[in-house]
Amino acid sequence: MEDEYFNVPLQDVKRELRRGIVECQKRGLLHSAKWLAEMNHGLVDIEIADDDNKCDFTKVLLEGITPDEYDCYYLAKSYFDVREYDRAAYLVRNCESSVPRFLHYYATYMGLEKRRLDSTTDQSNLNDSGHVKDLAELLATLRSAYSHGRLDGYGMYLYGVILKALNLNQAAQQVLVQSIRLAPMLWGSYVELAPLITEKEKLQTMHFGGHWMRHFFVAHTYIEMYLNDEGLKAYEELQAAGFRKCVYVTSQMALAYHNKRDVDKAIEIFQDLQEADPYRLDNMDTYSNLLFVKELKTEMAQLAHKAVGINKYRPETCCVIGNYYSIRCDHQMAIMYFQRALKLNPKYLAAWTLMGHEFMELKNTNAAIQSYRKAVEVNKRDYRAWYGLGQAYEILKMHYYSLYYFKIAHQLRPYDSRMLVALGETYEKLEKCQNAIKCYSKACDVGDIEGIAMYKMANLHEKLGDFDLAVNCYILYCDDEPAAADKQSLYHGYMTLANYYESKGEYDRASHYAYKCLESDDRKSEAKSLLKTIENKRSGKVISLGNLPSCSTATVANADTSSDDDMEMELSDYKLSPNAPFLVGDRGLVAASSSSIKSSANTTANEMLITASSSVTNKSPLETLHSLGSQKFSSSVTTDEMSLSDVTTNTSLPATSSNPSLPRRTSSSGTQPALAIPNIGEQDEDTQSMEMSSISID
């Protein structure tokens, strides 16, 4: 397809529009005539000569009708206008000129559609066998006329519509392209052809004879294929070419912004449309969807009252009212109005999809699945219906079905992160973790709309034991705080990182993340506990001891765990010699094992603090997150002999510190009891020794 800019004089465009309006009106193609009239009105500033207008109108009005068929044609057209289709078709059954013959075919088709609509119920199949049989008879008639070359561009349009209704899409596409070449002003042919084009490359290779209407068709098809950026660019070029006042162009741009989830911009355009054309109901269902997303209940109520005042029997009006009841959580009433919309138009896509959403709200999964399937029958490119089917089967725990439908939704919306996240979650439930990680990663690359893909990828890495990757994902997730939709997930990420850096000894970073968790009621106590632990570690006071076994030289003193303040051990009264084995490390006081500690000859030890070096089992930091208080660092330290000769003290312990206690380590689950070593009795200055064995350090 040619990609040159719109360069046709607007005077010629307006002449063709007016001619097309008359041609479509003569044949009863009311929707195409309406579209052409709107486009013509958008060129109200373009003037053409009055003589040309009169000449064109008189010529076109009588063209395609022989004089001896005027009477039958005009009466049949009158019947057609008042929806007496069978009567109109019968009256012109023997006419041979192109316009009355098309009216016969088209009235026959409309009669079949009217009978199907009258007999259709909410639970019936849209493509019932009886209707297909009736269409097959009309198809045979049109095929015969087509093979004999008796169909013009308008007749080929009807032929293509019936082929499409019978799912003969390849033949329908070929016939509709021929129709466009013969009757380029027939907008209905473009509308029927657009859903049959599934790839952008295919669209660009199509040729319609170089008519200027192809620009509108390309822009329309871009929006149908959810290529919103390309569609917006095409419509902006049409506006620059002189179609700025055309209501259709403006409404299509609003749809593009709606598809892009630029809700504010789309609402602004629809509000401008309301001011320019206050009685317009086209696309008002989309406008109500936007108001629903923004939770603008007052505006939705006003729109519903306005739509009822204009035409209460339009499907768009019923859809607006259904959305109004839905935002009020009256789902039964919403379903009722969506069903009314479908009685008026069984192929009204929006009503089928929205009704499926309402059934999901009512936990009626089976009815929701039926509604979504009807939506897919109407338009196989409705990604919302495919996505809804995936969600419904996910609730039923039929994950392979969910995977199938989510894949189709993703194919229709390859750059929508919601489809990718849904795929990732399904792969994760099917324990295909690597596929899930790929989906989450791509969701982050295309722009995570919901702000949860990075968090889910971090959780999955943690589950698989890839702790370094998990930490990196948590960092990326927490650093982009405004994009995080779920605050509880954000606080979980903060606490995870705080615990990780605390275990690595990076106390500044650990404190940074822990302080952020103080804003969460659920995480506040855990964060306070961790901050206290970090403070104690920085001052070199923490020894993490577990249950000390009973022995002849040590007993366990239970500490009061109801207080939030740690009991501190006074070390200022101990003056250690340069050779003292006590060292200060990351985890508090650590004593060298198997060291001989001897007391001075002139000093009586009232109490001695016994510490032992611990052999801590090395675990990945994320294995101990959320419950560090319950973590057990166990080691078995055997001291063959601990003499007191290597430690010389110059002063005795003060009376008030006869029983100093070790600092307690706190966690989210509470505080661990402090351990106290009672007084060591009188010992011989040279020979007395103390043996300790199997000290378990928590």
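Residues numbered from 1 in each chain as written. Predicted model: local features only at pLDDT ≥ 70, side-chain atom pairs only at ≥ 80, totals over all residues. Heavy atoms only, no water.

**Considerations on the packing of aromatic side chains**
Item 1. Applying the stated rule across the entire model yields 32 aromatic pairs.
Item 2. Look at Tyr106 and Tyr109: their rings are 6.4 Å apart centre to centre, the planes differ by 20°, and that puts the pair in the stacked class. Here Tyr106 and its partner Tyr109 are both found in helix H6 (residues 98–119), 3 residues apart, which amounts to about one turn of the helix. Here the two residues Tyr106 and Tyr109 agree in accessibility, since each one is buried.
Item 3. By way of ring pairs, the aromatic residues Trp35, Trp187, Tyr190, Trp212, Phe216, Phe217, Tyr235, Phe243 and Tyr248 are connected into one cluster. (Phe/Tyr/Trp six-rings, centres within 6.5 Å; stacked < 30°, edge-to-face > 60°. Helix = DSSP H or I, 4+ residues; strand = E, 2+ residues; numbered from the N terminus. Buried < 20%, exposed > 50% of the residue type's maximum accessible area, 1.4 Å probe, protein only.)

**Some words on the UniProt feature "repeat: TPR" (unreviewed entry) in the chain**
Item 1. Per the UniProt annotation, the sites labelled "repeat: TPR" (unreviewed entry) are residues 247–280, 315–348 and 349–382.
Item 2. Helix makes up 79% of residues 247–280 and strand 0%, and the two end C-alpha atoms of the span are 10 Å apart.
Item 3. Measuring from the first to the last C-alpha atom of residues 349–382 gives 8 Å, for a span that is 79% helix and 0% strand. (UniProt positions renumbered as here; feature names shortened; annotations may be inferred.)

**Thoughts on helix H27 (residues 467–479)**
Item 1. Taking 1.5 Å as the rise per residue, H27 with 13 residues should run 18 Å; its terminal C-alpha atoms sit 18 Å apart, in good agreement.
Item 2. Buried within H27 are the following residues: Phe467, Ala470, Val471, Cys473, Tyr474, Ile475, Tyr477 and Cys478.
Item 3. Buried-residue contacts for H27 involve helix H26 (453–464), helix H28 (487–504) and helix H29 (507–516). (Expected span 1.5 Å × (residues − 1). Contact = heavy atoms within 4.5 Å.)

**Concerning a nonpolar patch on the surface**
Item 1. On the surface, Leu396, Met398, Tyr400 and Tyr401 cluster together to form a nonpolar patch covering roughly 410 Å² of accessible area.
Item 2. Tracing the chain through its elements places Leu396 in the loop between helix H22 (383–395) and helix H23 (399–412).
Item 3. Under the relative-accessibility criterion, Leu396 is labelled partly exposed at 36%. (Patch = residues over 30% accessible without salt bridge, like charges linked within 9 Å, V, L, I, M, F, W, Y side chains within 5 Å. Areas by Shrake-Rupley, 256 points an atom, 1.4 Å probe, with all protein chains shown as cover. Salt bridge = Lys/Arg side-chain N within 4 Å of Asp/Glu carboxyl O.)

**Focus on unusual backbone geometry**
Most of the time, phi is negative for any residue but glycine, and the peptide bond is trans.
Item 1. One non-glycine residue with positive phi stands out, namely Tyr226, at about 60°.
Item 2. Along the chain, Tyr226 falls in the loop between helix H12 (213–224) and helix H13 (228–243).
Item 3. In this model, Glu295 sits at a positive phi of 60°, which is unusual for a non-glycine residue.

**Description of the packing of H12 against H13**
Item 1. As a packed pair, H12 and H13 sit with axes 8 Å apart at the nearest point and diverge in direction by 150°. Between H12 and H13, the crossing angle belongs to the class labelled roughly antiparallel. Crossing handedness for the pair H12 and H13: left-handed. Between H12 and H13, the residues in contact are His215, Phe216, Ala219, His220, Tyr222 and Ile223 and Asn228, Glu230, Gly231, Ala234, Tyr235, Leu238 and Phe243, respectively. (Axes fitted to C-alpha atoms, helices over the stretch in contact; angles between N-to-C directions. Parallel < 35°, antiparallel > 145°, perpendicular 65-115°, else oblique. Left-handed = near helix turned anticlockwise from the far one by under 90°.)

**Points about the nonpolar core**
Item 1. In this structure, Ile162, Leu193, Phe216 and Phe243 are the most contacted members of the largest nonpolar core, which totals 181 residues.
Item 2. No fewer than three residues from each of domain 1 (399–485) and domain 2 (488–539) sit in this core.
Item 3. Those residues within four positions of Phe243 in sequence are excluded, and the remaining contacts are Phe6, Leu10, Val13, Met39, Leu43, Phe216, Leu238 and Val249. (Core = buried A, V, L, I, M, F, W, Y, C linked by side-chain atoms within 4.5 Å. Domains from an automatic or database assignment.)

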